[in-house]
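# Reading the structure
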Amino acid sequence: MTETPQRPLRVLAAMSGGVDSAVAAARAAEAGHDVTGVHLALSANPQSFRTGARGCCTIEDSRDARRAADVIGIPFYVWDLAERFREDVVEDFVAEYEAGRTPNPCLRCNEKIKFAALLDKALALGFDAVCTGHYATVVTGPDGDRELHRASDMAKDQSYVLGVLDERQLAHAMFPLGDTLTTKDEIRAEAERRGLAVAKKPDSHDICFIADGDTQGFLADRLGGKAEGDILDESGTKLGTHEGAFGFTIGQRKGLRIGHPAPDGKPRYVLDISPVNNTVTVGPAEALDVTALTAIKPRWCGTPPSGPGTYTAQLRAHGGETEVTAELTDGALHVAFTEPVRGVAPGQAVVLYDGTRVVGSATIATTVRRERAAAG
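Residues numbered from 1 in each chain as written. Predicted model: local features only at pLDDT ≥ 70, side-chain atom pairs only at ≥ 80, totals over all residues. Heavy atoms only, no water.

Looking at an unreviewed UniProt entry, the protein chain carries the name tRNA-specific 2-thiouridylase MnmA, with the source organism given as Streptomyces drozdowiczii. Annotation of the protein chain in UniProt includes, under Subcellular location (unreviewed entry), the sentence "Cytoplasm". Heading Sequence similarities (unreviewed entry) of the UniProt record for the protein chain holds this comment: "Belongs to the MnmA/TRMU family." (UniProt positions renumbered as here; feature names shortened; annotations may be inferred.)

Following this line, the structure appears as structure tokens:
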């Protein structure tokens, strides 16, 4: 297999204002491509500057992106996609939490914004590819089909959040950082050598549209006013109350505010969230063990698999791999784990891999817990 074609392309480089996207754009231009930079204005009120290493898409970020484009020597534009981002990412995020699920807004943004709204507009304007600063690789097989693979450096790999890209989108995707076996410090050093002022700019963390990192506060502002609900143990005994089931995620340990310890003295974790009756069920860590799951809305990075197969799966952006068997049946993906895993929540994405190749991604709908021996 070979890397994406070397012929000069018209490339639209998505520039967030951070160091990764700036270096990616610079590398694309250095490779001889005809590059144009674009910053996506995703906030309807981008008046506040980022706070430390949190947040993005502010006026400060757009200015940083513009300065980087000037240094690289490429044209630069700002495109307003705030309304589309609000509908497809922010409102989806809130609705998922309201339904008791745990979404990943980065996957949704890649699917709906960067490689749908942005890519569609780019193609309409005659561009060949969209370039981003993600750490992943696109390779082309002898038959011309594109495949998404993990980055050369597993420590920086971001293929999990790109698992929603289909073959058409991969055909127009460019990730110049994906085959780089360098540390982030070396990327920053490269940016400094290129004269890019963002070389020392801190990375953004957490959820980009929640600049202060307070996810519960963000959700409370939008879903507040819900009736107080009960925190129950596995037998249905009331242990405490909460101010909204939306404030919890499966596997959560901190912030439960249960007044008295469990009989065995061990920590308790969120096992289930029921928005219907506004209850949160807690229990011991071993009750989180999941042996199988069903996932819906699969998206394949190429031809969908046929029949059962053996893969590895990743369940969170910074999680490890686990061995699974998986089969697509009637549009749903059924996954069984070789060893039980913990903290698997509906709404999360399960991404399947065949070696380093990304097979596809689906949204977890239901899970099967491991049966435990009765107490006593």
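After that view of the structure, there is still more to cover.
## With respect to the sheet that holds strand E11 (residues 269–274)
Think of a sheet as strands paired side by side through backbone hydrogen bonds, with each pair either parallel or antiparallel. With respect to topology, four strands assemble into an open sheet ordered E10-E9-E12-E11, the strand pairing being mixed. Across the chains shown, the open sheet's two edge strands, defined by having one partner strand only, are strand E10 (238–242) and E11. Between one strand and the next, the sheet's axes are offset by a mean angle of 25 degrees, whatever the strand orientation. Taken together, the four bridges between strand E9 (residues 229–232) and E10 define a ladder with antiparallel strand orientation. In the strand pairing of E10, Gly-229 is matched with His-242. (Pairing = 2+ DSSP bridges. Helix = DSSP H or I, 4+ residues; strand = E, 2+ residues; numbered from the N terminus. Axes fitted to C-alpha atoms, helices over the stretch in contact; angles between N-to-C directions.)

## Re unusual backbone geometry
Its identity as a non-glycine residue notwithstanding, Asn-278 has a phi of 60 degrees, on the positive side. Take Asn-278: it is sitting in the loop between E11 and strand E12 (279–283). Asn-278 sits in the buried class, given a relative accessible area of 15%. With a phi angle near 50 degrees, Lys-297 is a residue other than glycine that sits in the positive phi range. Structurally, Lys-297 can be placed in strand E13 (residues 290–300). Judged by its relative accessible area of 66%, Lys-297 falls in the exposed class. (Buried < 20%, exposed > 50% of the residue type's maximum accessible area, 1.4 Å probe, protein only.)

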